[in-house]
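Analysis of the macromolecular model
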Amino acid sequence: VRGLAWLGGLVGVLLVSGLLASAVSAQTKVNVGYVPTSDFLPAFIAKDLGYFERRKLDVTLTRVALAPNVPPAIISGSLQIGMGTATLLLDTADAGLGLVVISGTSRMTADQPVVSVVARAGANINAAADLRGKRVGVPGFRSLMDVTFRKWLLTKGIKPAEVNIVEASFPQMRDLLKGGTLDAVAVIEPFRTRITSDGTGTKVSDYLAELSADMNAAMWLAKGDWVAANPDAVRAFRECLAEGMAFIAKEPDRAREIEKKYLGFNAPYFPPYRLEITPADLEFFVGISRDVGIERKNIDVSKLIAK
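The notes below deal with the structure included here. (Residues numbered from 1 in each chain as written. Predicted model: local features only at pLDDT ≥ 70, side-chain atom pairs only at ≥ 80, totals over all residues. Heavy atoms only, no water.)

**Here's the deal with the sheet that holds strand S5 (residues 115-120)**
Counted only if it meets this: In this description, strands pair whenever DSSP reports at least two bridges between them. Numbering of helices and strands runs from the N terminus; a helix is a DSSP stretch of H or I covering at least four residues, while a strand is a stretch of E covering at least two. Fitted lines through C-alpha atoms serve as axes, helices being fitted only where they are in contact, and the angles separating the N-to-C directions of these axes extend from 0 to 180 degrees.
Read across the sheet, 5 strands follow the order S7-S6-S8-S5-S9 without closing on themselves; strand pairing throughout is mixed. Looking at which strands have only one partner, the edges of the open sheet turn out to be strand S7 (164-167) and strand S9 (201-205). Neighbour-to-neighbour, the strand axes of this sheet turn through a mean angle of 35°, independent of strand direction. Here strand S6 (residues 135-138) runs beside strand S8 (residues 184-188); their pairing, made up of 2 bridges, is parallel.

Here it is in structure tokens:
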């Protein structure tokens, strides 16, 4: 009898272990790539507060230096979801790479501008015309901030070719300005404040706000076939972002603690967060791209937005 009781206990342990293993295996592993800005705070919160885990997502957050490095990582499979911008998504669509946007994350608005051209102190740059012949850093060629910067130059009567535009990651920009390697940068918060608060640079223009009063800032991308194969994971990811956004609105002080944990510092204010993406959001950037000389295929942009 004692032997049978021992055997029954062993069977029970094995059954429980099997159920636990099954529960763990039911989680969808998702490697999510982001660049270090406050746009992605809802995802940081979802990771830190267990929102992903509660919805059976085993999420790893991977920091990427430059936004243009994200789509190739998604295509290769090293990332399942990655941050993106409209310009990056359109580039992948032109190449037929099959990426789609699964969610928005933030907006840029004229009443709360978070992107500026900032010039090195002493560079005598006070307006767009002063950028002729200067070395200006952007966070990746063909990135949203690069393409819109070129469009802004055109609106000021300056050809982009008259400016020496180079790539520089956000965390490097302050040091590159301080050392004289760059004369100006197209920069986003919280890096803008870090540059201006200690006198390294001064703001020249909130150039994105001059182009549009409201535009999509960033989004989350994935391969279309991965989205089709993982509809529950996509839905859960969106729900976690929505919960993260609600937390930011309700608990801003705690949200700032999490922001600092992931970024190392805080932005002076949060960007407007929004999940919705519309075809008009993408069409706006199709037009800007063509204005600066980037040819776009005739693509139905609505098909780039995952349902």
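Next, the rest of the story.
**Points about the packing of aromatic side chains**
We count it as follows: Any two rings among Phe, Tyr and Trp, with Trp reduced to its six-membered ring, count as a pair given centres within 6.5 Å; such a pair is stacked if its planes are under 30 degrees apart, edge-to-face if over 60, and tilted if neither. Each residue is assigned to one of three classes by its accessible area relative to the maximum for its type, calculated with a 1.4 Å probe on protein chains only: buried under 20%, partly exposed between the two thresholds, exposed over 50%.
According to the stated counting rule, one finds 11 aromatic pairs in the structure shown. Ring centres of Phe-44 and Tyr-262 lie 4.6 Å apart, and the angle between their planes is 5°; on these two criteria the pair is classed as stacked. With Phe-44 in helix H2 (residues 41-48) and Tyr-262 in helix H12 (residues 252-263), the pair connects residues that are 218 residues apart, well separated along the chain. Looking at Phe-44, the relative accessible area reads 1%, which means it is buried. Between Trp-220 and Phe-237 the ring centres are 5.7 Å apart and the planes differ by 90°, which places this aromatic pair in the edge-to-face class. Pair noted here: Trp-220 is in strand S10 (residues 214-223) and Phe-237 is in helix H11 (residues 231-250), with a separation of 17 residues, a long-range link. Members of the aromatic cluster, joined through ring pairs, are Phe-40, Phe-52, Trp-220 and Phe-237.

**Comments concerning the sheet that holds S10**
To be explicit about the condition: Working rule for contacts: check all heavy atoms of both residues, and any pair within 4.5 Å makes them a contact.
A sheet is described by the order of its strands in space; here 5 strands give the open sequence S2-S1-S3-S10-S4, paired in mixed fashion. The open sheet is flanked by strand S2 (57-63) and strand S4 (99-109), the only strands paired with a single partner. Strand after strand, the sheet turns through a mean of 25° between neighbouring axes, direction not considered. For S4 and S10, the ladder comprises 9 bridges, and the chain directions are antiparallel. Note on S10: the bridge partner recorded for Ser-103 is Trp-220. Most of the contacts of helix H5 (residues 86-94) go to S4, to which it runs at about 155°, and overall it touches strand S3 (81-84), S4 and S10.

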